Amino acid sequence: MKYLLLGYTSADGWDAATAGTPTEEALEAFAAYQRFEEELTASGELVSTEGLGHPAVSTTVRPTAEGVTATDGPFAELKEVLASFAVIDVSGQERAVEIAARIVAVLGEPVEIRPVMGADFAA
């Protein structure tokens, strides 16, 4: 079963001005995460993973009375922002929780787990 892992980070800690200059601590965490990605790739459980750009450079598209409007910035003001995602294909939720727990241990940020609704969704 596929799961989407959503990685969040503190909005206050993610400064747009310094987003392109990672700290030594961030580089170490990223290196540890890359080693874990290699494990998941080798086991066949990793489908895809990506980091996301800073919310300040995002665009939100929404319906309005006049039609569809695109605006700069995130959808809402949040204390935490979506910083990354991964798609995994594992035996079940228990394994998804094990993987998310390792990511949290490495990166120190919360991870939300969501099942990906496949062909069996409408069944």
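Placed above this text is the structure.
Conventions we followed
Residues numbered from 1 in each chain as written. Predicted model: local features only at pLDDT ≥ 70, side-chain atom pairs only at ≥ 80, totals over all residues. Heavy atoms only, no water. Pairing = 2+ DSSP bridges. Helix = DSSP H or I, 4+ residues; strand = E, 2+ residues; numbered from the N terminus. Axes fitted to C-alpha atoms, helices over the stretch in contact; angles between N-to-C directions. Parallel < 35°, antiparallel > 145°, perpendicular 65-115°, else oblique. Left-handed = near helix turned anticlockwise from the far one by under 90°. Contact = heavy atoms within 4.5 Å. Nonpolar A, V, L, I, M, F, W, Y, C, P; charged D, E, K, R; others polar. Salt bridge = Lys/Arg side-chain N within 4 Å of Asp/Glu carboxyl O. Buried < 20%, exposed > 50% of the residue type's maximum accessible area, 1.4 Å probe, protein only. Core = buried A, V, L, I, M, F, W, Y, C linked by side-chain atoms within 4.5 Å.

Notes on the pairing of strand β5 (residues 80-89)
Item 1. Bridging between strand β1 (residues 2-10) and β5 involves nine bridges; their strand directions are antiparallel. Counterpart to Y3 in the pairing with β5 is I88.
Item 2. Bridge analysis of strand β2 (residues 46-51) against β5 gives five bridges, and the strand direction is antiparallel. Paired with S48 across the two strands is V87, which belongs to β5.

Brief notes about the packing of helix α1 (residues 24-43) against helix α2 (residues 93-107)
Item 1. It is at 9 Å that the axes of α1 and α2 come closest, and there the two elements cross at 155°. Taken as axis vectors, α1 and α2 run roughly antiparallel relative to one another. By crossing handedness, the relation of α1 to α2 is classed as right-handed. Between α1 and α2, the contacting residues are A29, A32, Y33, F36, E39 and L40 on the first element and R95, I99, R102, I103, V106 and L107 on the second.
Item 2. Looking at side-chain class alone, the contact of α1 with α2 contains nine nonpolar, no polar and three charged residues.

Considering the sheet that holds β5
Item 1. Strand order in the open sheet formed by four strands is β2-β5-β1-β6, with antiparallel pairing between adjacent strands. Since the sheet does not close on itself, it has two edges, and those belong to β2 and β6 (111-115), each with one partner. Across the sheet, the mean angle separating the axes of adjacent strands is 20° when strand polarity is ignored.
Item 2. Here α1 sits on the sheet in contact with β2 and β5, set at roughly 160° to β2.
Item 3. With respect to the sheet, α2 is in contact with β1, β5 and β6, its orientation differing from that of β6 by roughly 160°.

Description of the pattern of salt bridges
Item 1. Under the counting rule described, the total for this entry stands at four salt bridges.
Item 2. In this structure, the salt-bridge partner of R102 is E39, at a minimum N-O distance of 3.0 Å. Of this pair, R102 sits in helix α2 while E39 sits in helix α1; the two residues are 63 residues apart in sequence, bridging distant segments of the chain.
Item 3. Between R114 and E112 there is a salt bridge; the shortest N-O distance is 2.9 Å.
Item 4. Since its relative accessible area comes to 25%, E112 is described here as partly exposed.
Item 5. Beyond isolated ion pairs, a larger network of salt bridges with shared partners links E45, R95 and E98.

Here we look at the pairing of β1
Item 1. Where β1 and β6 come together, five bridges link them in antiparallel fashion. Paired with L6 across the two strands is E112, which belongs to β6.

A word on the nonpolar core
Item 1. Core analysis: the biggest nonpolar cluster contains 13 residues, and L5, I88, V90, I99 and I103 have the highest contact counts within it.
Item 2. Elements with a minimum of two residues in this core: β1, α1, β5 and α2.
Item 3. The biggest single contributor to this core is α2, with four residues.
Item 4. When sequence neighbours within four positions are dropped, the list of residues in contact with I103 reads L5, Y33, F36, G108 and V111.

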